[in-house]
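Residues per chain are reported as follows:
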Amino acid sequence: MSSPETPTVGERAQRRPRDMALSLAVLLVPIALLLLFYRLVLDGDKPVAVDPEPTLQEARSAAAFEVAAPQGLGADWHVQSATFKRESGGATLRLGYADPDAKPLQLIESSLATATLIPAELGKDPEAVGTFRAGARTWQRYDGRPGEDALVLLEKGRTIIVVGPAEEQTLETLASSLP
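Residues take numbers from 1 onward in each chain, read along the sequence in its written order. Note on the predicted model: pLDDT of at least 70 is required for a residue's local features to be given, and 80 or more for side-chain atom pairs to be given and counted; whole-chain, interface and lining totals, by contrast, use all residues. Hydrogens and water molecules were not included; the side-chain quantities draw on all heavy atoms of the structure.

A. Structural detail: the environment of R133. Per the convention used, a helix needs a DSSP run of H or I reaching at least four residues, while a strand needs a run of E reaching at least two, with both numbered from the N terminus. Structurally, the position occupied by R133 is in strand β4 (residues 127–134). For the pair R133 and P30, spaced 103 residues apart in sequence, the C-alpha to C-alpha distance is 54 Å. A 3.5 Å cut-off defines polar contacts: any pair of N or O atoms within that distance qualifies, except that in protein one atom must be a possible hydrogen donor and the other a possible acceptor, and neighbouring residues in sequence count only when both atoms are side-chain atoms. A polar contact of 2.5 Å, which involves the side chain of R133, links it to the side chain of T138.

See below:
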């Protein structure tokens, strides 16, 4: 009977760094090719877009407040989420956007009491720091949670909030797009 051969230390010492580099290349090249295919062919870096129309229709049919949908935003604005929720004391519509710089913004329309809604959306102690005028509307500018700014429009029966970490001009563009 012959015994199975086991590698000796001397055989292992004959392996060179070049062998290890070739082994890694065999693993890394397919991974790199898959990543390039995902990014370039499948547009893997593009924001995921959803159709907000069914959610807007649901909010309109609930008749809790007058629904204002943004109009005239460019093709580089993407709706990423859309939800409508009835709550005790009112209802809330949320539209999540990715702006042209791919920063997240949220448009919130609600019939909840402003004393409840504003602290819930902008943080414990939001501070009004100025105003912004878009057409006949005057929006209040707020410093929200750390790193976020907000525009708030108080109207009879609803409050509209545009909030996110984007630049003021981007928030103003979204706010100005509302009819």
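The rest of the description comes next.
B. Spatial organisation of helix α5 (residues 168–176). In this scheme, a residue with accessible area under 20% of its type's maximum is buried, one over 50% is exposed, and one in between is partly exposed, where area comes from a 1.4 Å probe on protein chains only. The set of residues buried in α5 consists of T170, L171, E172, L174 and A175. The criterion used for residue contact is that any of the two residues' heavy atoms lie within 4.5 Å. Buried positions along α5 lie against β2 (90–98), β3 (104–110), β4, β5 (137–143), β6 (149–155) and β7 (158–164).

C. A look at the side chain of E109. Inspection of the secondary structure assignment puts E109 in strand β3. Residues in contact with E109, not counting those within four places in the same chain, are F65, E66, V67, A68, A91, T92, L93, R158, T159 and I160.

D. Examining a nonpolar patch on the surface more closely. A contiguous nonpolar patch, built from V29, L33, L35, L36, F37, Y38, L40, V41 and L42 and spanning about 920 Å² of accessible area, is present on the exposed surface. One can find F37 in helix α2 (residues 17–41). Of the residues examined, F37 reaches a relative accessible area of 43% and is grouped as partly exposed. Patch construction takes residues with relative accessible area above 30% that form no salt bridge. Like charges are linked within 9 Å, and nonpolar side chains (Val, Leu, Ile, Met, Phe, Trp, Tyr) are linked within 5 Å. Accessible areas in this description were obtained via Shrake-Rupley with a 1.4 Å probe; residue shielding takes into account the shown protein chains only. Note on definitions: salt bridges are taken to be side-chain nitrogens of Lys or Arg within 4 Å of carboxyl oxygens of Asp or Glu.

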